[in-house]
Amino acid sequence: MIDIHSHILPGIDDGAADLTESLVMALMAVQDGIKTIIATPHISGHLTHRALIQAKVDELQTSLKNAAIPLEIVVGAEVPFHFNGTFGDFTLGRSSFLLLELPHTHVPANASQKIHELHVLGLKVIIAHPERNSEISQHPDILDELLECGALVQLTAESVTGDLGIQTQYCAHYLLRRKKVHFLATDCHSSLQRKPLLQKALKIAGKIIGKKQASALVEENPRLILEPYGREAAEEGHS
Ligand SMILES: [Fe+2]
């Protein structure tokens, strides 16, 4: 499986506190069947350079290799809706997919317009965990307007399992039933809270939309993000 949303990098945001915690999370993920994790730290005031994220990814990848933990880490970011910088600098891997985080309380009035503008720039917007947005969790059909603008949807695994509350779970299942979900990811923050696990949520999703469709949320669809990355990396290796 491929996890497209994580805070596994050590000491860069509110995710893993240190390298030891990152390695424990990595081990949990591998044991759960995760082979690749896209590291998506929150872009904020002190973190506005992709090179810094890349350096942390490289460091963690080296530590994983030394610890013989078979997990690939890919550079990415979780970009807030009201980010003032260049969105295109913070895509997932080398793709044009952008993991966009809405405010927690509401859907901004200009959300559709913003997603349209990002698409015009060539960016494919993935909305991070809309089921955890208060307005969407109570009125999930609000999301339709954003989907019509071409946005894709990522659910958090613990929303599907019910660990984040009944309202969030209801919304997550509602979106699954209506085939409005494209990715299932952990959004892991530590080995104790929002854990790097997908299997439990995958099984529940499988009961709602069928095994094959559920598997696409953690395998085929995430692979579409990484394929150009892998291809370009391979080409560079041969040049
Ligand atoms: Fe996140």
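Source: prediction; values computed, not measured. (Residues numbered from 1 in each chain as written. Predicted model: local features only at pLDDT ≥ 70, side-chain atom pairs only at ≥ 80, totals over all residues. Heavy atoms only, no water.)

Peer 1: Account for the overall build of the protein chain, naming residues and giving values.
Peer 2: Looking only at helices and strands, the protein chain has 10 helices and eight strands in total. Over its C-alpha trace the protein chain gives a radius of gyration of 17 Å, about what one expects of a compact globule, namely 18 Å for 239 residues. By principal-axis analysis of the C-alpha atoms, the protein chain measures approximately 45 × 35 × 35 Å. Within the protein chain, the fraction of its 239 residues that count as buried is 52%. Considering only intrachain contacts with a sequence separation of at least 6, the fraction spanning at least 24 residues in the protein chain is 73%. In the protein chain, which carries 21 positive and 28 negative side-chain charges, the distance between the mean positions of the two groups comes to 8 Å. (Helix = DSSP H or I, 4+ residues; strand = E, 2+ residues; numbered from the N terminus. Rg over C-alpha atoms; globule rule 2.2 N^0.38 Å. Buried < 20%, exposed > 50% of the residue type's maximum accessible area, 1.4 Å probe, protein only. Contact = heavy atoms within 4.5 Å. Lys, Arg positive; Asp, Glu negative; His and termini not counted. Charge placed at Lys NZ, Arg CZ, Asp CG, Glu CD.)

Peer 1: So, the sheet that holds strand E4 (residues 78–80): which residues are in play, and what are the values?
Peer 2: Hydrogen bonds between backbone groups are what pair the strands of a sheet, and the pairing can be parallel or antiparallel. Taken in spatial order, the five strands of this open sheet run E4-E5-E6-E7-E8, and their pairing is parallel. If you trace the sheet from one side to the other, it starts and ends with E4 and strand E8 (183–185), each paired once. Along the sheet, successive strands turn relative to each other by an average axial angle of 35 degrees, direction set aside. By the bridge criterion, three bridges tie E4 to strand E5 (residues 97–101) in an arrangement that is parallel. (Pairing = 2+ DSSP bridges. Axes fitted to C-alpha atoms, helices over the stretch in contact; angles between N-to-C directions.)

Peer 1: Tell me about the coordination of the iron ion, and please be specific about residues and values.
Peer 2: Protein-derived coordination of the iron ion comes from His5 (NE2), His7 (NE2), Glu78 (OE) and Asp187 (OD), at a distance range of 2.1 to 2.2 Å. Coordination at the iron ion is irregular: its four donor atoms span angles of 81 to 165 degrees at the metal. Between the donor residues of the iron ion, the gaps in sequence give the motif H-x1-H-x70-E-x108-D. Taken together, the residues span a long stretch of sequence, with histidine 5 in strand E1 (residues 2–6) and aspartate 187 in the loop between E8 and helix H8 (199–209) at a distance of 182 residues. (Donors = N, O, S within 2.8 Å, 3.2 Å for Na, K, Ca; no water. Tetrahedral: all angles 85-135°; square planar, octahedral: opposite > 155°, others 65-115°.)

Peer 1: Now, about the packing of aromatic side chains: what can you tell me, with residues and values included?
Peer 2: The final tally for this structure, using the stated rule, is three aromatic pairs. Taking the centre distance of 5.4 Å and the plane angle of 85 degrees together, the rings of phenylalanine 83 and phenylalanine 87 count as edge-to-face. Each member of the pair, phenylalanine 83 together with phenylalanine 87, is buried. Classification of phenylalanine 83 by relative accessible area gives buried; the value is 12%. Among the aromatic side chains, those forming a connected cluster through ring pairs are Phe83, Phe87 and Phe90. One cation-aromatic arrangement involves lysine 124 over phenylalanine 97; the distance from NZ or CZ to the ring centre is 4.9 Å. (Phe/Tyr/Trp six-rings, centres within 6.5 Å; stacked < 30°, edge-to-face > 60°. Lys NZ or Arg CZ within 6 Å of the ring centre and 35° of its normal.)

Peer 1: So, the packing of helix H1 (residues 19–31) against helix H2 (residues 50–66): which residues are in play, and what are the values?
Peer 2: Running from N to C, H1 and H2 cross one another at 65 degrees; their axes reach a closest spacing of 11 Å. Classified by chirality, the crossing of H2 by H1 is right-handed. Each of Leu19, Ser22, Leu23 and Ala26 in H1 lies in contact with H2, whose residues at this interface are Leu60, Ser63 and Leu64. (Left-handed = near helix turned anticlockwise from the far one by under 90°.)

Peer 1: Please give an account of the environment of asparagine 221 that cites residues and values.
Peer 2: With respect to the helices, strands and loops of the structure, asparagine 221 is situated in helix H10 (residues 220–238). Through-space distance from the C-alpha of asparagine 221 to that of isoleucine 2 is 9.2 Å; in sequence the pair is 219 residues apart. Ignoring any residue separated from it by four or fewer positions in sequence, one finds asparagine 221 in contact with His182, Phe183 and Ala216. At 2.8 Å, the side chain of asparagine 221 forms a polar contact with the backbone oxygen of histidine 182. (Polar contact = N/O pair within 3.5 Å; in protein donor to acceptor, adjacent residues only side chain to side chain.)

Peer 1: Please give an account of the nonpolar core that cites residues and values.
Peer 2: Among the nonpolar cores identified, the biggest contains 61 residues, and Ile8, Ile53, Leu71, Ile73, Leu146 and Leu155 are the most heavily contacted of them. The contacts of leucine 155, once residues within four sequence positions are left out, are Glu131, Val160, Ala172, Leu175, Leu176, Val181, Phe183, Leu184 and Ala185. Ile2, Val74, Leu99 and Leu152 belong to the second largest nonpolar core, which has 14 residues in total. (Core = buried A, V, L, I, M, F, W, Y, C linked by side-chain atoms within 4.5 Å.)

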